[in-house]
Amino acid sequence: MSMKHAISILVDNQAGVLSRVVGLFSGRGFNIESLSVAPTLDPTKSKMVITTTGNEQVLEQIKKQLNKLINVIKVVDYLDKDYVEREMILIKVKAKEQTRTEVLRISEIFRAKVVDVSPASYTLALTGDQDKLKAFIELLNPVGIIDFVRTGTIVMEREMQAKRRTDS
Amino acid sequence: MKKITGAYAFIEALRCEGVKHVFGYPGGAVLDIFDAIMDAPDIQFILSRHEQGAVHAADGYARASGRVGVALVTSGPGATNTVTGIATACMDSIPIVVFSGQVSTNLIGNDAFQEADTVGITRPCTKHNYLVKDCEELPMVIKEAFYIASTGRPGPVLVDIPKDVMRGLISFKYPDKVCLEGYCPTYKGHLGQIKRILGTILKSRHPVIYAGGGVVLSNASAELSALARQLHIPVTTTLMGLGAFPADDPLWLGMLGMHGTYAANMAVTEADCLVAIGARFDDRVTGKIDEFAPRARIIHIDIDPTSISKNVQVDLPVVGDCKGVLTDMLEELRDKQHDVNELHHGVQPWLDLLEQWKRDHPLRYEQGTGLKPQYVIEKINELTPDDAIISTEVGQNQMWTAQFYRFKAPRLFLTSGGLGTMGYGFPAAIGAQVAFPERTVIDIAGDGSIQMNIQELATVVQYNLPVKVMIINNGFLGMVRQWQSLFYKGRYSHTSMAVSPDFVKLAEAYGARGLRVENTADVEDAIRQALAIKGPVFVDFRVEPEEDVYPMVPAGAPINNMLLV
Ligand SMILES: Cc1ncc(C[n+]2csc(CCOP(=O)(O)OP(=O)(O)O)c2C)c(N)n1
Ligand SMILES: [Mg+2]
């Protein structure tokens, strides 16, 4: 069965490491749905978060292969973990006379921020999990979406859950 | 401390790694290192005639000796010419380190003369690779390169060194250890799991050991033989595993897979317990994967977790070094004599059945009027000393060697298994001969393959390396022709090698010796004569052009579905 996976990969913060990681996916014809990379608290390391969909066996193989890369320090699949997930979207929508208030109302409900305004458009910024972003896009669709950009998901394991695991 | 250039630091680092031989080819971007090599008489440099040859030679050196093979080439075309050699080593997990020159760091990315993105090109076919950007990093990078190449599941590592790094000055100090947070191979197998697999083996009635190249790489042949003999378990190996278990042992079943023996393929199909050791369930071994070892509990011992349950779902995996795990298994067996006796009793009918299969379906070939390639291999087997090193090219020559040459010890058989690289055998034999100047080294070649690295004739002549090349000359790209004959209605599309050089004259033109054999009656004499000559020899055996390799499992069929002679 195909499941959506969020995999976090702790790597050495060095040139070329990203292409080693990405090469494992592309070499197997696997699509990466989203990818985010940035340095961690320890600046010699970076954390990548990749979301992808695939069957269990192939993903298992990819995780093993990732672990095999010399520059990969740790791989965590969040599939069966309790975690916090966030993604940010910048979305530009049409602002016509009849829809202006509707746009502002929707963005208020979602606690999005208006980050840019022009006579013909609004640009809104929203953070949330994938479902929230999806709902936001769907509601704005009738208004007329001009464009959007998403950052890709980032994840972090919930502390309570992590504690419980180390205790037991 | 006195400062030295990166080039001299490179030489010092090789010394610290105990490197005695380097295979390679010069060029603009590596001039500084080549200049420094002139001052290092303790490191012998062997000049190949093509960078692919240098890398295969380093690979053959590593396979035969167990030491890391080293190659040194220039930037751009020098580096791209190494790719096939590196990929060959990668597929067979061979420890080599390839050093390539690179344009100066300030020119990288400018499409400079002889610039190539060598690290990018070799990324998917190395275990790891480096671009050294700063002279100060060079000693640590070299240390890590040798460490990564030779530990865990071994493999090729490439180090790309820009020209200005070779010319920069550093105070040389070779690090005594590496610190790689993301790399810590598991050597020791889990003891509880080892106990469980022994429990399963001891309760089995149709056990088979299926050993691969991992046993050779971890130097675990003695432990493998001890385990098989102690438990009375028959053994088959992959192509890469040949020699890991002696071919004259009564428990030996022969190689398994596409051109495996009847007994080996049937044994695996009927097994109730399959013990895979340092093997990776390659498709040439398993045939139709769903019908591979259908009745068996599958045990898999391997140092590389990615090999486990990759192609076949494994029941009992153990991640660890073959030698260590086998040693632990032998240790665990010490107080289990009672169970071992039971097992001996229980497996006897199975061993009897296997004996009968071996008797009823031995490897065989039809006698004919022409010269039979299998006969040539049998004679080479008969006339060479037990420690002779045999390399092969790819195709029928390779499969007949695997079938008819009886390897009695590991590291005697050098062949490109995973990548199947034509042109591998001759330079690999050169590497082996450099490692062991006194031993008999033979490349069993095909008339097609030998032409892929034939330029290395100049190398064997230059260094007077007495490599013998036995060309199984069938006038065809024989293995491809065999597939065309069996599966493409005999339409021989571009597989004729009717136009080939006169190999005898060609050898002579390079300053080597050449012999030709056309009749069965002359085979023995010619082999004796070639072995007696102190220098390199080509022997051109004109064999039956359309002889096929049997048994053969058609691609995608289950392995008990063999075409026999
Ligand atoms: C570099 C490379 N190109 C193509 C092939 C495909 N191939 C496999 S076997 C073979 C024929 C080899 O012919 P020859 O060396 O004469 O050996 P024979 O099978 O006749 O013994 C070919 C072309 C290959 N393995 N390697
Ligand atoms: Mg041929």
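Every value quoted in this text rests on a predicted model; they were computed, and no experiment measured them. (Residues numbered from 1 in each chain as written. Chains lettered and ligands numbered in written order. Predicted model: local features only at pLDDT ≥ 70, side-chain atom pairs only at ≥ 80, totals over all residues. Heavy atoms only, no water.)

Draft legend 1. Broad picture of the overall build of chain B. Along its length, chain B carries 22 helices and 20 strands. Computed over C-alpha atoms, the radius of gyration of chain B comes to 24 Å, within 12% of the 24 Å expected from 2.2 N^0.38 for 565 residues, which places it in the range of a compact globule. In terms of overall dimensions, chain B has a C-alpha envelope of 70 × 60 × 40 Å along the principal axes. Looking at chain B as a whole, 61% of its 565 residues are labelled buried. Counted over contacts in chain B with a minimum sequence separation of 6, partners at least 24 positions apart contribute 76%. (Helix = DSSP H or I, 4+ residues; strand = E, 2+ residues; numbered from the N terminus. Rg over C-alpha atoms; globule rule 2.2 N^0.38 Å. Buried < 20%, exposed > 50% of the residue type's maximum accessible area, 1.4 Å probe, protein only. Contact = heavy atoms within 4.5 Å.)

Draft legend 2. Here's a closer look at the interface of chain A and chain B. Contact with chain A, which involves 16 residues of that partner, is made by 18 residues of chain B. For the pairing of chain A and chain B, the buried interface totals around 1,300 Å² over both sides, and the portion due to carbon and sulfur atoms is 49%. Considering only the surface of chain A that becomes buried against chain B, Arg 20, Lys 64 and Ile 70 of chain A emerge as the three largest contributors, covering 48% of it. Where chain A meets chain B, there are 2 salt bridges. For Lys 45 of chain A, the salt bridge identified is with Glu 181 of chain B, shortest N-O distance 3.1 Å. Viewed at the interface, chain B and chain A are joined by 8 residue pairs in polar contact (both at pLDDT 80 or more). When residues of the side of chain A that touches chain B are traced back to their parent elements, those giving at least two are helix 1 (17-26), helix 2 (56-68) and strand 4 (72-77) of chain A. By residue number, the principal contributor to the side of chain A that touches chain B is helix 2 of chain A, which donates 6 residues. A per-class count over the side of chain A that touches chain B returns 5 nonpolar, 7 polar and 4 charged. (Buried area = accessible area lost by both parts, 1.4 Å probe. Salt bridge = Lys/Arg side-chain N within 4 Å of Asp/Glu carboxyl O. Polar contact = N/O pair within 3.5 Å; in protein donor to acceptor, adjacent residues only side chain to side chain. Nonpolar A, V, L, I, M, F, W, Y, C, P; charged D, E, K, R; others polar.)

Draft legend 3. Up close: the sheet that holds strand 20 (residues 537-542) of chain B. Residues and elements named next belong to chain B. With parallel pairing, the 6 strands of this open sheet are ordered in space as 16-15-17-18-20-19. Of all the strands in the sheet, the pair left with one neighbour each is strand 16 (413-414) and strand 19 (513-517). Pairing of strand 19 with strand 20 involves 5 bridges; the strand directions are parallel. Looking across to strand 20, one finds that Gly 514 is bridged to Phe 538. Strand contacts of helix 16 (residues 373-383): strand 17 (441-446), strand 18 (468-473) and strand 20, with the helix running at about 160 degrees to strand 18, the strand carrying the most contacts. (Pairing = 2+ DSSP bridges. Axes fitted to C-alpha atoms, helices over the stretch in contact; angles between N-to-C directions.)

Draft legend 4. Structural detail: the domain arrangement of chain A. Residue and element names in this part refer to chain A. In terms of domain boundaries, chain A breaks down into domain 1 (3-80) and domain 2 (84-155). Using C-alpha coordinates to define each centre, domain 1 is positioned 29 Å away from domain 2. The interface is formed by 8 residues belonging to domain 1 together with 6 residues belonging to domain 2. For the pairing of domain 1 and domain 2, the buried interface totals around 490 Å² over both sides, and the portion due to carbon and sulfur atoms is 61%. Remark: the boundary between domain 1 and domain 2 carries 0 salt bridges. (Domains from an automatic or database assignment.)

Draft legend 5. Representation of the nonpolar core. Among the nonpolar cores identified, the biggest contains 146 residues, and Ile 209, Leu 274, Phe 292, Met 329, Phe 538 and Phe 541 of chain B are the most heavily contacted of them. By size, the runner-up hydrophobic cluster in this structure holds 44 residues, among which are Ala 40, Phe 45, Val 97 and Val 141 of chain B. (Core = buried A, V, L, I, M, F, W, Y, C linked by side-chain atoms within 4.5 Å.)

Draft legend 6. Spotlight on the domain arrangement of chain B. Residues and elements named next belong to chain B. Domain boundaries in chain B define domain 1 (3-171), domain 2 (191-360) and domain 3 (373-542). Centre-to-centre, using C-alpha coordinates, domain 2 lies 31 Å away from domain 3. Of the roughly 1,400 Å² buried at the junction of domain 2 and domain 3 (both faces included), carbon and sulfur atoms supply 64%. Its largest share of buried area at the contact with domain 3, domain 2 owes to Leu 239, Leu 242 and His 259, together 37% of the area lost on that side. Applying the counting criterion to the domain 2 and domain 3 interface returns 0 salt bridges. On the surface where domain 2 and domain 3 come into contact, there are 5 residue pairs in polar contact (both at pLDDT 80 or more). Those elements that provide at least two residues to the side of domain 2 that touches domain 3 are helix 10 (213-217) and strand 11 (252-255).

Draft legend 7. Representation of the sheet that holds strand 1 (residues 2-12) of chain A. Residues and elements named next belong to chain A. Pairing in this open sheet of 4 strands is antiparallel, and the strands run 2-3-1-4 from one edge to the other. With partners counted over all chains shown, the strands left at the sheet margins are strand 2 (34-39) and strand 4, one partner each. Neighbour-to-neighbour, the strand axes of the sheet open up by a mean angle of 20 degrees, direction not taken into account. Bridging between strand 2 and strand 3 (residues 45-55) involves 6 bridges; their strand directions are antiparallel. Bridged to Ser 36 within strand 3 is Val 49. Along the sheet, helix 1 makes contact with strand 1, strand 2, strand 3 and strand 4, crossing strand 3 at roughly 10 degrees.

Draft legend 8. How the structure looks around the pairing of strand 5 (residues 83-94) of chain A. Pairing geometry for strand 5 of chain A and strand 9 (residues 154-157) of chain A, over 4 bridges, is antiparallel. Its bridge partner lying in strand 9 of chain A, Arg 86 of chain A is registered against Ile 154 of chain A.

Draft legend 9. Representation of helix 7 (residues 138-150) of chain B in the model. Residues and elements named next belong to chain B. Counted at 1.5 Å a residue, the expected span for helix 7 with its 13 residues is 18 Å, and the 18 Å between its end C-alpha atoms agrees. Among the 13 residues of helix 7, 10 are classified as buried, and the element is accordingly described as predominantly covered. Elements that come into contact with the buried residues of helix 7 comprise helix 1 (6-16), strand 4 (69-73), strand 5 (96-102), strand 6 (128-131), strand 7 (157-162) and strand 8 (169-171). (Expected span 1.5 Å × (residues − 1).)

Draft legend 10. Quick peek at the site of ligand 1. Residues and elements named next belong to chain B. The immediate surroundings of ligand 1 are formed by 17 residues, with Gln 396, Gly 420, Asp 447, Ser 449 and Gly 478 found nearest. In the environment of ligand 1, an oxygen atom lies 2.6 Å from a nitrogen or oxygen atom belonging to the side chain of Ser 449. Met 479 is positioned such that a nitrogen or oxygen atom in its backbone is 2.9 Å from an oxygen atom of ligand 1. Taken by itself ligand 1 offers 580 Å² of open surface, and the protein chains cover 77% of this. Contributions of two or more residues to the shell around ligand 1 are made by helix 17 (396-404) and helix 20 (478-487). Take the shell around ligand 1: its biggest share by element is 3 residues, from helix 20. (Near = heavy atom within 4 Å. Areas by Shrake-Rupley, 256 points an atom, 1.4 Å probe, with all protein chains shown as cover.)

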